[in-house]
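# Close look at the chain arrangement
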Amino acid sequence: MTTVGLIGSGNIGGTVARLAVAAGHDVVLSNSRGPETLQELVDELGPGARAGTPDEAARSGDLVVVTIPLKAYRSVPVEPLAGKVVIDTNNYYPERDGHFAELDDDSTTSSELLQRHLPASRVVKAFNNIYFAHLRSLPRPTGAADRSALAIAGDDVAAKATVVEFLDTIGYDTVDAGSLGDGGRRFQPGTAAYGGMYAAKDGNFWELPGLPFDAAALRALLG
């Protein structure tokens, strides 16, 4: 059993929390508005969940998921995450985040910005290229013929192995895309491996059911 800290508990964070609890992990949820605003979700998740501040989630988590808008990445607590594996779910959306010159000119990536902010942590990019409703509906048992795969990227081999193990417990295979920089670019917004392959092909994307997408197919899209 692992305790998963969540810094951010919106669509992706709440979904990861649900999958983690269903897999037998404990979760500590947090957001920018205070633990009291998460009581409904905690009640839904049951005794494996509790709410705290971002600092408490960071300190409590054996594995910590940062899932907040990129524009707020500097608010992530640094000291309590030292030495820990941190999953970054973020993407750069200028219309939401404002413009970052180093992202606009592609001299770095959003996950590298978080890694720079957390120099003593081991950041792994994951969960950023799948719509939360599809993430919630597609988990399958290990070995299932219709099991989907998620891409990860990171600079630390052991940290990526930890994330692979966690993703397996919550119902997903994994494809390692490479480093935070080169690998992360392969499944960020605007790439072939961003989002659409996990959905049925016809209709309003936001209402489409999840479509299983396996590791071999994902590897081909990542190039």
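In this text the structure is predicted, and so the values were computed from the model without any measurement. (Residues numbered from 1 in each chain as written. Predicted model: local features only at pLDDT ≥ 70, side-chain atom pairs only at ≥ 80, totals over all residues. Heavy atoms only, no water.)

A word on unusual backbone geometry. A positive phi angle is found at D106, which is not glycine, with a value near 60 degrees. Mapped onto the fold, D106 is located in the loop between α5 (101-104) and α6 (110-117). With a phi angle near 65 degrees, F127 is a residue other than glycine that sits in the positive phi range. Considering the arrangement of structural elements, one finds F127 in the loop between β6 (122-125) and α7 (132-137). Judged by relative accessible area, F127 falls into the buried class, the value being 1%. (Helix = DSSP H or I, 4+ residues; strand = E, 2+ residues; numbered from the N terminus. Buried < 20%, exposed > 50% of the residue type's maximum accessible area, 1.4 Å probe, protein only.)

As a further point, take the nonpolar core. Residues V27, L29, F127, L135, F166, Y172 and L218 are the most contacted members of the largest nonpolar core, which totals 46 residues. Here the element with the most residues in this core is helix α1 (residues 11-22); it accounts for 6 residues. Once residues within four sequence positions are removed from consideration, F127 is found in contact with I12, V16, I87, T89, L135, L150, F166, L167 and I170. I7, V64, L118 and L180 belong to the second-largest nonpolar core, a separate cluster that totals 20 residues. (Core = buried A, V, L, I, M, F, W, Y, C linked by side-chain atoms within 4.5 Å. Contact = heavy atoms within 4.5 Å.)

On to helix α8 (residues 157-169), then. Each α-helix winds once per 3.6 residues, and so residues spaced three or four apart point in a common direction. Under the 1.5 Å per step criterion, the end-to-end length of α8 is 19 Å for 13 residues, consistent within 8% with the ideal 18 Å. Listing the buried residues of α8 in full gives A159, K160, V163, F166 and L167. Buried residues of α8, seen end-on, are gathered within an arc of 120 degrees and therefore sit on one face of the element. In α8, the exposed positions that point more than 90 degrees away from the buried face belong to V157 and E165. The N-cap residue of α8 is D156: its side-chain oxygen and the backbone nitrogen of A158 are 3.1 Å apart. Downstream of α8 by one or two residues, G171 has phi in the positive range, about 110 degrees. (Expected span 1.5 Å × (residues − 1). Arc of directions from axis to C-beta. Polar contact = N/O pair within 3.5 Å; in protein donor to acceptor, adjacent residues only side chain to side chain.)

Under the defined criterion, the tally for this structure stands at 1 cavity of 30 Å³ or more. Counted as a void, the largest cavity has a volume near 30 Å³. V66, I68, P69, L70, Y73, D88, N90, S110 and L114 together form the lining of the largest cavity. (1 Å grid on protein atoms, 1.4 Å probe; cavity = no way out; pocket = protein on both sides within 12 Å on 5 of 7 lines; lining within 4 Å. Points joined across faces, edges and corners; volume = space filled by probe spheres on them.)

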